[in-house]
Amino acid sequence: MRKGTVLVVGATGITGGNLASYLVASGWTVYGLSRHPTEQSGVIPVAADLLDASATRKSLAGLPITHVFYCTWIRRDNEKANVEANSAMMRNLFAALTEADLHHASLVTGTKQYLGSFEAYGSGRTETPFRESEPRVPGENFYYALEDLLFEAAERQGFAWNVHRPHTVIGYARGNAMNMGTTLAVYASICKAPASPSCSRDHRPNGTRLPI
């Protein structure tokens, strides 16, 4: 991919924050968008609430963005509300970048692409390994809404796109507990504690115990 000026949307999150650092180290000019930017070496902060269309346009006006990495989402009480809020965020972003010379946009979603939304997760019949040719799971899913909006914006504004669907993300972001690394660290700490032999021993019917 040709280097340019990139906008990382969700630059304070696990995926966006680490991606921004990687892009800086790789020679990109990096703008990091979030509602409350934090200081990050080499990243130019952009403060914007994507639910506010006017404020988003103002924050992005005139920036020479060539590439977008969309690594953010917002949780609501149900999937219909998730679709509405997350759709508004992406719609407002690309509307604010209408005048930009966009070459490429990347969207990060995840396993709910194959297993369904929070409300219907795993309720359907799904075979592994997951394949891109699999049809969408019936029902509302904000991942699908984001993809459709990305496709529409790419067609309208003439840029290329790709979608990343990781199963698990391990990393670090201040205040973010939605991280498999945290889960594994807590489990390892429990297993290490002397008071929890069941975590580290295999109890057998005859009373013998073998280390796992």
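What you see is a predicted model; the values in this text were computed from it and never measured.

The next subject is the side chain of Ser 106. Counting through the fold element by element, Ser 106 comes out in strand β5 (residues 104-108). Judged by relative accessible area, Ser 106 falls into the buried class, the value being 3%. Look past the residues within four positions of Ser 106 in its chain and what remains in contact with it is Val 68, Phe 69, Tyr 70, Asn 162 and His 164.

The subject of this paragraph is the pattern of salt bridges. Two side chains bearing opposite charge may form a pair once their charged atoms approach each other closely. In this structure the tally under the stated criterion is 4 salt bridges. Among the charged side chains, a network of salt bridges with common partners joins Glu 132, Arg 136, Glu 147, Asp 148 and Arg 165.

Next up on the list: the packing of aromatic side chains. For any pair of aromatic rings, the description consists of the separation of the ring centres together with the inter-plane angle of the planes. Applying the stated rule across the entire model yields 5 aromatic pairs. Looking at Lys 112, its charged tip hangs above the ring of Trp 73, at a distance of 5.9 Å from the centre.

Counting residues in hydrophobic clusters, the biggest one holds 36 residues, and the most contacted among them are Leu 7, Leu 60, Tyr 70, Leu 93, Phe 94 and Leu 97. Of all the elements in the fold, those that place two or more residues in this core are β1 (5-9), β2 (29-34), β4 (67-70), α3 (79-96), β5 and α5 (142-157). Setting aside its immediate chain neighbours within four residues, Leu 93 contacts Leu 7, Val 9, Leu 50, Thr 56, Leu 60, Val 68 and Tyr 70. The next biggest cluster of nonpolar side chains, apart from the first, holds 11 residues, and it includes Val 6, Leu 23, Val 43 and Phe 69.

Calculation notes
Residues numbered from 1 in each chain as written. Predicted model: local features only at pLDDT ≥ 70, side-chain atom pairs only at ≥ 80, totals over all residues. Heavy atoms only, no water. Helix = DSSP H or I, 4+ residues; strand = E, 2+ residues; numbered from the N terminus. Buried < 20%, exposed > 50% of the residue type's maximum accessible area, 1.4 Å probe, protein only. Contact = heavy atoms within 4.5 Å. Salt bridge = Lys/Arg side-chain N within 4 Å of Asp/Glu carboxyl O. Phe/Tyr/Trp six-rings, centres within 6.5 Å; stacked < 30°, edge-to-face > 60°. Lys NZ or Arg CZ within 6 Å of the ring centre and 35° of its normal. Core = buried A, V, L, I, M, F, W, Y, C linked by side-chain atoms within 4.5 Å.

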